[in-house]
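# Fold and geometry: a report
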Amino acid sequence: MKNIIDKLNAIKTLPLKKRLRILGITLFAILSFASVLAVVRFRLLRPKAVAPSVYLSPLAISISGNQEAMIYIMVDSGTTSISAAHVEIPFDSGNLRLSREVSIGAFLKQPIKVSTSNEANTNGRVVVALGLHPNDRVSPPSGQFVLATLVFSATNPQLTSDVRVDPDTSKTNLVDMQTNFVRPLTLYGSVISIIPPSPT
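Residues numbered from 1 in each chain as written. Predicted model: local features only at pLDDT ≥ 70, side-chain atom pairs only at ≥ 80, totals over all residues. Heavy atoms only, no water.

### Description of the pattern of salt bridges
Applying the stated criterion across every chain yields a total of 6 salt bridges. For Lys109, the salt bridge identified is with Asp136, shortest N-O distance 3.4 Å. Residue Lys109 is found in the loop between strand S6 (103-104) and strand S7 (110-114), and its partner Asp136 is found in the loop between strand S8 (125-131) and strand S9 (144-154); the two are separated by 27 residues along the sequence. Linking Arg164 and Asp166 is a salt bridge whose minimum nitrogen-to-oxygen distance equals 2.7 Å. (Salt bridge = Lys/Arg side-chain N within 4 Å of Asp/Glu carboxyl O. Helix = DSSP H or I, 4+ residues; strand = E, 2+ residues; numbered from the N terminus.)

### Observations regarding the packing of aromatic side chains
Throughout the structure, instances matching the rule amount to 2 aromatic pairs. Here the aromatic rings of Phe91 and Phe152 are separated by 5.3 Å at their centres, their planes lie at 65 degrees, and the arrangement is edge-to-face. On the criterion of sequence distance, the pair formed by Phe91 in the loop between strand S4 (82-90) and strand S5 (96-98) and Phe152 in strand S9 is long-range, its members being 61 residues apart. Of the residues examined, Phe91 reaches a relative accessible area of 8% and is grouped as buried. Residue class for Phe152 comes out buried when judged on its relative accessible area of 0%. Judged by centre distance (5.4 Å) and plane angle (45 degrees), the ring pair of Phe107 and Phe145 falls under tilted. In this pair, Phe107 sits in the loop between S6 and S7 while Phe145 sits in strand S9, placing the two residues 38 residues apart along the sequence. (Phe/Tyr/Trp six-rings, centres within 6.5 Å; stacked < 30°, edge-to-face > 60°. Buried < 20%, exposed > 50% of the residue type's maximum accessible area, 1.4 Å probe, protein only.)

### Some remarks on the nonpolar core
The biggest cluster of nonpolar side chains holds 35 residues, and the ones touching the most others in it are Ile73, Val126, Leu147, Phe152 and Ile192. Ranked by residues supplied to this core, first place goes to S9 with 6 residues. Discounting residues that sit within four places of it in the chain, Val126 has contacts with Val87, Glu88, Ile89, Phe91, Leu98, Val102, Ser115, Ala120, Leu150 and Phe152. (Core = buried A, V, L, I, M, F, W, Y, C linked by side-chain atoms within 4.5 Å. Contact = heavy atoms within 4.5 Å.)

### What to know about the pairing of S4
Residues in a regular strand project their side chains so that they alternate between the two faces of the sheet. Burial analysis of S4 places 7 of its 9 residues in the buried class, the great majority of the element. Here S4 runs beside S8; their pairing, made up of 7 bridges, is antiparallel. Residue pairing for S8: His86 is matched across the bridge by Ala129. (Pairing = 2+ DSSP bridges.)

### Let's talk about the confidence of the model for the chain
Scored by pLDDT, the chain comes out at a mean of 84, with 75% of its residues at no less than 70. Between residues 27-49, whose pLDDT stays under 50, and residues either more than four places distant or in other chains, the model counts 0 contacts. (pLDDT = per-residue confidence, 0-100.)

### Looking at the sheet that holds strand S11 (residues 173-176)
The 4 strands are arranged S7-S8-S4-S11 in an open sheet whose pairing can be described as antiparallel. For this open sheet the edge positions go to S7 and S11, each flanked by a neighbour on one side alone. Strand after strand, the sheet turns through a mean of 10 degrees between neighbouring axes, direction not considered. Pairing between S7 and S8: 4 bridges, direction antiparallel. Within the sheet, the bridge partner assigned to Lys113 lies in S8 and is Ala129. (Axes fitted to C-alpha atoms, helices over the stretch in contact; angles between N-to-C directions.)

### Some words on the environment of Glu119
Mapped onto the elements, Glu119 comes out in helix H3 (residues 117-123). Of the residues examined, Glu119 reaches a relative accessible area of 30% and is grouped as partly exposed. For the pair Glu119 and Leu98, spaced 21 residues apart in the sequence, the C-alpha separation amounts to 9.5 Å. Discounting residues that sit within four places of it in the chain, Glu119 has contacts with Lys113, Val114 and Arg125. In this structure the side chain of Glu119 is engaged in a polar contact, spanning 3.0 Å, whose partner is the backbone nitrogen of Thr116. (Polar contact = N/O pair within 3.5 Å; in protein donor to acceptor, adjacent residues only side chain to side chain.)

Set out below in structure tokens:
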């Protein structure tokens, strides 16, 4: 402590120009240290980037009797503009059937390959491959949007079952405006619970 006081007293005896110079150097060092701390704090606290994803919504739904489960194929590409998407969804055709034709969303409207309900139920797989319509190339979709809507019903409504419906990781891709696959790509599926109707 005595050494610090002695140094401060020594500075007081210096000419004004030297004192101002020392003060300027000290302030610069303090501000530089504060800037470094601010950058480090920002890097530690900023949210981590979320990978683009293809997911089914809702994550879980229950149906009974002749009820239908409406499942949305959702895309969340973040800031990446999308020119095409290919999604394949296998399902247990012993418990579920695609009861309506696939409904295409409003963003990627150019069909490349879309399964009919008969094809899907025969193969136990829905294929939805869509591209950007030429009229939409000036404003390609990005962020979160509905790719298509699927409607399932129970093959045998009398059976109780929880059926997972998941995008096929090896057959699902998003393509950006430079025709590159979007990577990494996160996939989330859904669970359709079949509940037998109550006896009347």
